[in-house]
Number of protein chains: 2
Amino acid sequence: MRAGPSLEEIRRHNLGTLLRHVHIGGSMSRAVLAERMGLNRSTILGLVSELGSAGLVREELPRETGRAGRPSLVVRPESDRVYVLAFDVGVDRLAAARIGLGGIFLDRREISMPPGPRNADKVAEALAGSALDMLSTAQHGTHCVGVAAAVRGMVRRPDGLVRAVPYLGWKDEEFGKDLTRRMGLGLPVSVGNEASLGALAEHLRGAGTGCQDLVYLHGDIGIGGGVITGGQLLHGDAGYGGEIGHMVVNPRSGRPCGCGGRGCLEAEAGERALLEAAQRDPSATGREAVRAVVEAADRGDITARAALHDVGDWLGIGVANLINVLNPRTVIFGGTLREVFLGSAAQIRSRINRIALTPSRENLRLRMGELGDDAVLVGAAELAFSEILVGPLETLARAGA
Amino acid sequence: MRAGPSLEEIRRHNLGTLLRHVHIGGSMSRAVLAERMGLNRSTILGLVSELGSAGLVREELPRETGRAGRPSLVVRPESDRVYVLAFDVGVDRLAAARIGLGGIFLDRREISMPPGPRNADKVAEALAGSALDMLSTAQHGTHCVGVAAAVRGMVRRPDGLVRAVPYLGWKDEEFGKDLTRRMGLGLPVSVGNEASLGALAEHLRGAGTGCQDLVYLHGDIGIGGGVITGGQLLHGDAGYGGEIGHMVVNPRSGRPCGCGGRGCLEAEAGERALLEAAQRDPSATGREAVRAVVEAADRGDITARAALHDVGDWLGIGVANLINVLNPRTVIFGGTLREVFLGSAAQIRSRINRIALTPSRENLRLRMGELGDDAVLVGAAELAFSEILVGPLETLARAGA
């Protein structure tokens, strides 16, 4: 337990907090900032001036106001000038984006790739290529202040070593270090788990806005999870928290799972399980295949309905267990679990009502992710922005501004 | 997001932090405090003087030193002068203790009671009686600075409404308010869940000292749980987090559970399940009965061994799931699960090794609780101390010092 901060640390904290307000909340007046931060207006004026001189925010007339009379100036983040690079190593695509302060997508690139094992250095090479291409089009006088990548695997904290990404065949890859070297920006590339970053994104900008305790489930080739508790991402001891897909829900007669176990939530309720139960090609995973099952069920296809019923049952058991252990306010279904939720919400709710304790579920909300396929990229961007939101001026100085 | 603290808030924070250091860490020199808090010695001297004038700490020669020469003074908490009252509503006993700053038991009372339903007001009456009796023996000039009670049930945050304690037949009891009124000390009585408070106790003073991410399982009539993540107790949205006993591990062929469900961890691995599997009277629960099964297994009783094997299997599945979801560093078995762990550790470990992902378990430690039956009382005391450790002088002033 450390002592309280010095005056300089408080100033830095206040600059970071103000920047975070406009980064997450968008343009707002100094009066609103004063109220939200509990500071007087002259202190806010000083902070805004300092951030403005550094080129991080700008004061301007609001784009539109509903009121008559002269509108107040608003403080808005300099989205065009200060940005991060975010990468998402997906199952069948690599995505890279240049995202401005305030969470604005300024540029993006996607590279399709057939699913299957792939060397980490090839992936890093392709992502770095896209990123350097985007950087070359960025205007002079703009600044990249962070870089982060999301992978569908286990990432060690704090050093970012990628311990395992089963579908790519990765084991103990220094992916972040490799990207850092290839980018050559003097900025370390942070790496995070895709579902944890999806949880962060939905918490800050999506279906979980304003909610301090949520669980995010991300479906694609597997089922990933991210947990926000007390407003903070649950990391656990070494960063591996949230491996919800490998909670065993069917230990006695479960299906084999890619992890070597049996009866994991991912094995019972993942895309493959759904496609198999619906008597479709279980290797043709992906959003279209999942959507086809849901649409067939809507048209009355009995096999598709039974498949969604089964998968909904297992998802409901898994979610109910998480409700008992974590007492979230909101559970968010992202990735292809959005489609699955559309087709099996009744079954999921019915299981939750039978298993979750009444107090733990009485204020529960089940939601589909609002950020769609961008959730992971948005979360990676937030990871990349984290440093400038703690020490705005120092981070900008390091970025060469 | 609020702005940084004022100078007055920093001073208060520093007083609270210094007091917390000696409360948790015991007597230590000003030099050690300066190092741990990152403050210079003159600031520490000022803080110690202020806490000393208030009667919260005292400087004295250490009781013993291993070194030659003149020893440094140490700052020690005024354990005899400043204390809290802690209550534990157990299955077959009520316990009350007067616990001094630094976590020293100054006095205690226990009341045995037959297990079974019991009116909340009778329990409050008995506990308040014990507490007032202890207060009457406390010396003049000593101060009670907080009161807290632990119950084996679900407690709403922040108001402390006891939503359910199944074995006592409680539902929506204003137990804390009732105790507050009966005590008449002008101090609100806080209420918490027994396993969450046990987790806090083992984290601060027991098998989880220094560990920021742990899971505590508490066995008695049921299985309760408490989770510490990032050094903080996991509360969830409304305080119901940690209901590990109602994680379903055997949905297809599970035993009926007291909650109305089937296949909950508590139903498969609780005391009743163990006694039934060992062909003993399942209604005669309690430490002696559990210990008898473990001892019989040690002597070679095949039925007892098989029972421990089964229960260890389910416990292992439950713990492995928690490892995948929460990535704790330490898992602590408390209450009668200490005995169960003694008799089934190999089975628990074997299940964990099969189910938990390798990175998530590679640094895992399985431990027995070190605080024994006192864990819950110690945790309740820490809940009662929480206010004085945030604002020492204000809290002491409110307590009439």
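Residues numbered from 1 in each chain as written. Chains lettered and ligands numbered in written order. Predicted model: local features only at pLDDT ≥ 70, side-chain atom pairs only at ≥ 80, totals over all residues. Heavy atoms only, no water.

For chain A, an unreviewed UniProt entry supplies the name ROK family protein and the organism Streptomyces fagopyri. Under Sequence similarities (unreviewed entry), UniProt gives the following word-for-word description of chain A: "Belongs to the ROK (NagC/XylR) family." (UniProt positions renumbered as here; feature names shortened; annotations may be inferred.)

Draft legend 1. Quick look at the overall build of chain A. When helices and strands are tallied, chain A shows 14 helices and 15 strands. Relative to the compact-globule value of 21 Å for 401 residues, chain A shows a C-alpha radius of gyration of 22 Å, a close match. Overall, chain A is about 65 × 50 × 50 Å in size when its C-alpha atoms are taken along their principal axes. Here chain A, with 401 residues, has 58% of them falling under the buried criterion. Nonlocal contacts in chain A, meaning residues at least 24 apart in sequence, comprise 64% of its contacts between residues at least 6 apart. Accessible area for chain A stands at about 16300 Å²; split by element, carbon and sulfur atoms hold 47% of it. The centroid of the 46 positive side-chain charges in chain A is displaced by 3 Å from the centroid of its 46 negative side-chain charges. (Helix = DSSP H or I, 4+ residues; strand = E, 2+ residues; numbered from the N terminus. Rg over C-alpha atoms; globule rule 2.2 N^0.38 Å. Buried < 20%, exposed > 50% of the residue type's maximum accessible area, 1.4 Å probe, protein only. Contact = heavy atoms within 4.5 Å. Areas by Shrake-Rupley, 256 points an atom, 1.4 Å probe, with all protein chains shown as cover. Lys, Arg positive; Asp, Glu negative; His and termini not counted. Charge placed at Lys NZ, Arg CZ, Asp CG, Glu CD.)

Draft legend 2. Inspection of the packing of aromatic side chains at higher detail. If you walk through the whole model with that rule in mind, you get 4 aromatic pairs over all chains. Relative to F175 of chain A, the ring of W170 of chain A lies with its centre 4.9 Å away and its plane at 50°, an arrangement referred to as tilted. With respect to burial, W170 of chain A and F175 of chain A carry one shared label: buried. For the pair F333 of chain B and F341 of chain B, a centre-to-centre distance of 4.6 Å together with 15° between the ring planes defines the contact as stacked. Since its relative accessible area comes to 0%, F333 of chain B is described here as buried. Above the plane of the ring of Y83 of chain B lies R98 of chain B, whose end atom (NZ or CZ) is 4.6 Å from the centre. (Phe/Tyr/Trp six-rings, centres within 6.5 Å; stacked < 30°, edge-to-face > 60°. Lys NZ or Arg CZ within 6 Å of the ring centre and 35° of its normal.)

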